Amino acid sequence: MKVLVTGGLGYIGSHTCVQLIAAGFTPVVLDNLHNSKLGVVSHLKKILQQDVQHYVGDIRDRDLLKSIFAEHDIKAVIHFAGLKAVGESVEKPLEYYENNVYGTLALVQEMKAAGVKSIIFSSSATVYGDPQEIPISETTATGATTNPYGRSKFMVEECLKDLHIADPEWSITLLRYFNPVGSHPSGLLGEDPQGIPNNLMPFIAQVAVGRREQLAVFGNDYPTKDGTGVRDYIHVMDLADGHIAALQHVGDKAGVHIYNLGTGTGTSVLEMVDAFASASGQSIKYQICDRRPGDIAECWADPSKAKNELNWQAQYGIAEMTADTWRWQSNYPNGFSD
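Residues numbered from 1 in each chain as written. Predicted model: local features only at pLDDT ≥ 70, side-chain atom pairs only at ≥ 80, totals over all residues. Heavy atoms only, no water.

**Let's talk about the overall build of the protein**
- A count of helical and extended segments in the protein gives 11 helices and 14 strands.
- Here the C-alpha atoms of the protein give a radius of gyration of 19 Å, agreeing with the 20 Å that 2.2 N^0.38 yields for 338 residues.
- Referenced to the eigenvectors of the C-alpha coordinate spread, the extents of the protein come out at roughly 55 × 45 × 40 Å.
- Across the protein, the fraction of contacts at a sequence separation of at least 24, relative to all contacts at a separation of at least 6, is 81%.
- For the protein, the computed accessible surface area is about 13,700 Å², with 48% contributed by carbon and sulfur atoms.
- Averaged over its 27 positive side-chain charges, the protein has a centre that lies 3 Å from the centre of its 39 negative ones. (Helix = DSSP H or I, 4+ residues; strand = E, 2+ residues; numbered from the N terminus. Rg over C-alpha atoms; globule rule 2.2 N^0.38 Å. Contact = heavy atoms within 4.5 Å. Areas by Shrake-Rupley, 256 points an atom, 1.4 Å probe, with all protein chains shown as cover. Lys, Arg positive; Asp, Glu negative; His and termini not counted. Charge placed at Lys NZ, Arg CZ, Asp CG, Glu CD.)

What follows is the structure, encoded as structure tokens:
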């Protein structure tokens with residue numbers, strides 16, 4: 001069964017491609033290389049011992065989408081492609097709406113034209129905004145988002161829900177991620193952001209490997225255990241397996257299927273710094289800075305629905321997340337080649 005994976009050379013997409021093939025699916029990758037590198041393809045080949053069909057292009061390129069659907073018997077789409085940095089979204093909101101919202105609409109319109117009515121969407125816990133309850137379940141209110149990135153994800157969710165109302169044959173799965181970290185255990189795949197990292201773990205890793213002088217910790221005056229932000233960090237391999245579980249259990253079932261993918265445990269920034277120092281044997285220098293606009297104090301998941309309905313739950317803890325990240329970063333201190 002062929003699955004179109006948009007953003008499939010990116011961090012989460014590439015790991016999901018590995019797990020798709022392990023589960024017997026055939027990924028067809030589309031990626032515009034905005035926050036990924038073509039060198040990822042050779043790393044995938046090393047892990048998989050086979051080629052991965054891939055196209056360099058944008059989901060907003062309707063002609064390219066038409067040609068891909070015409071060439072391949074695609075049965076489902078896993079949609080990762082999109083901009084994803086909270087802070088950047090505050091500075092460049094229109095780019096986020098253009099890429100994330102319009103891009104998804106273009107993709108879904110071409111799916112409809114091709115008769116493909118199964119999509120798994122890479123959503124985010126940011127759709128919950130500053131949550132009124134912890135842990136966060138799928139019934140927690142959404143929409144009171146605190147930044148354009150979160151709003152773009154919420155908008156796409158609402159568009160896809162409306163699509164299902166108009167055409168109930170669609171299978172629409174919304175996977176609300178918490179905070180993906182970690183790397184493939186081989187050390188061949190990992191998170192390699194372009195420019196200055198926007199996420200915590202790759203920034204810590206680049207400090208540990210000597211690429212950056214120190215980590216900026218945005219705020220130590222939150223009402224949390226040590227004053228720093230608390231998040232639900234999930235190993236990227238667990239997250240990838242969550243997509244496989246969704247594809248297998250609900251990918252061919254009409255409806256709107258919503259799942260949180262997290263561990264159910266909150267970890268603070270400073271706890272993650274300490275864990276990475278232990279895993280790497282390196283001292284992690286950091287500086288306390290002002291809070292970032294749009295950030296919230298704490299957020300972690302109630303992942304029980306995914307466990308009950310998809311037979312999925314996170315297998316890895318902070319020790320594996322940090323050790324696997326360090327293996328990747330120490331193997332490739334300057335990241336992937338272009």
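So, next bit.
**Remarks on the pattern of salt bridges**
- Counted under the stated rule, the structure contains 18 salt bridges.
- Across the pair R60 and E98 runs a salt bridge, and its minimum N-O distance is 3.4 Å. With a gap of 38 residues between them, R60 in the loop between β3 (53–56) and α3 (62–71) and E98 in helix α5 (residues 93–114) connect regions that are remote in the sequence.
- Note that K225 is salt-bridged to E271, the shortest N-O span being 3.1 Å. On the criterion of sequence distance, the pair formed by K225 in the loop between β8 (215–218) and β9 (230–231) and E271 in helix α9 (residues 269–280) is long-range, its members being 46 residues apart.
- Each of D58, R60 and E98 takes part in salt bridges that share partners, so that together they form one network. (Salt bridge = Lys/Arg side-chain N within 4 Å of Asp/Glu carboxyl O.)

**What about the nonpolar core?**
- With 39 residues, the main nonpolar core has L44, L261 and L310 as its most contacted residues.
- Of all the secondary structure elements, the ones that give two or more residues to this core are β1 (2–6), α1 (11–22), α2 (40–48), β4 (74–79), β6 (171–177), α8 (236–250), β11 (255–261) and α10 (304–310).
- Looking at this core, the element that brings in the most residues is α8, giving 8 residues.
- Ignoring any residue separated from it by four or fewer positions in sequence, one finds L261 in contact with L175, R176, Y177, F178, I234, L239, G242, H243, A306 and W312.
- Formed by 25 residues, the second largest nonpolar core is a distinct cluster that contains I59, M111, F121 and L174. (Core = buried A, V, L, I, M, F, W, Y, C linked by side-chain atoms within 4.5 Å. Buried < 20%, exposed > 50% of the residue type's maximum accessible area, 1.4 Å probe, protein only.)

**Some thoughts on the packing of aromatic side chains**
- Counting across every chain of the model gives 3 aromatic pairs.
- Here the aromatic residues W328, Y332 and F336 are joined through ring pairs into a cluster of three or more.
- The ring centre of Y222 lies 4.0 Å from the NZ or CZ of R291, which sits over that ring. (Phe/Tyr/Trp six-rings, centres within 6.5 Å; stacked < 30°, edge-to-face > 60°. Lys NZ or Arg CZ within 6 Å of the ring centre and 35° of its normal.)

**Overview of the packing of helix α7 (residues 200–208) against helix α11 (residues 318–331)**
- For the pair α7 and α11, interaxial distance at closest approach is 10 Å and the crossing angle is 55°. As the angle between them shows, α7 and α11 are arranged oblique. Between α7 and α11 lies a crossing of right-handed hand. The residues of α11 that touch α7, namely those facing M201, P202, A205, Q206 and A208, are M321, T322, T325, W326 and Q329.
- Its residues assigned to classes, the contact of α7 with α11 shows 6 nonpolar, 4 polar and no charged. (Axes fitted to C-alpha atoms, helices over the stretch in contact; angles between N-to-C directions. Parallel < 35°, antiparallel > 145°, perpendicular 65-115°, else oblique. Left-handed = near helix turned anticlockwise from the far one by under 90°. Nonpolar A, V, L, I, M, F, W, Y, C, P; charged D, E, K, R; others polar.)

**Things to note about the pairing of strand β5 (residues 118–124)**
- Taken across its 7 residues, β5 has 7 buried, putting it largely inside the fold.
- Burial along β5 is two-sided: S118, I120, S122 and S124 facing one way and I119, F121 and S123 facing the other are all buried.
- Where β4 meets β5, 3 bridges bridge the pair, whose relative direction is parallel. Residue V77 lies in a different strand from β5, and its bridge partner there is I119.
- By the bridge criterion, 7 bridges tie β5 to β6 in an arrangement that is parallel. Note on β6: the bridge partner recorded for I120 is T173. (Pairing = 2+ DSSP bridges.)

**Description of the sheet that holds strand β14 (residues 298–299)**
- Spatial ordering of the open sheet is given by β12-β9-β14, a layout of 3 strands whose pairing is mixed. One side of each edge strand has no neighbouring strand; the edge strands of this open sheet are β12 (267–268) and β14.
- Pairing analysis gives 2 bridges linking β9 to β14, with the strands arranged parallel. For R231, the partnering residue across the bridge sits in β14 and is C299.

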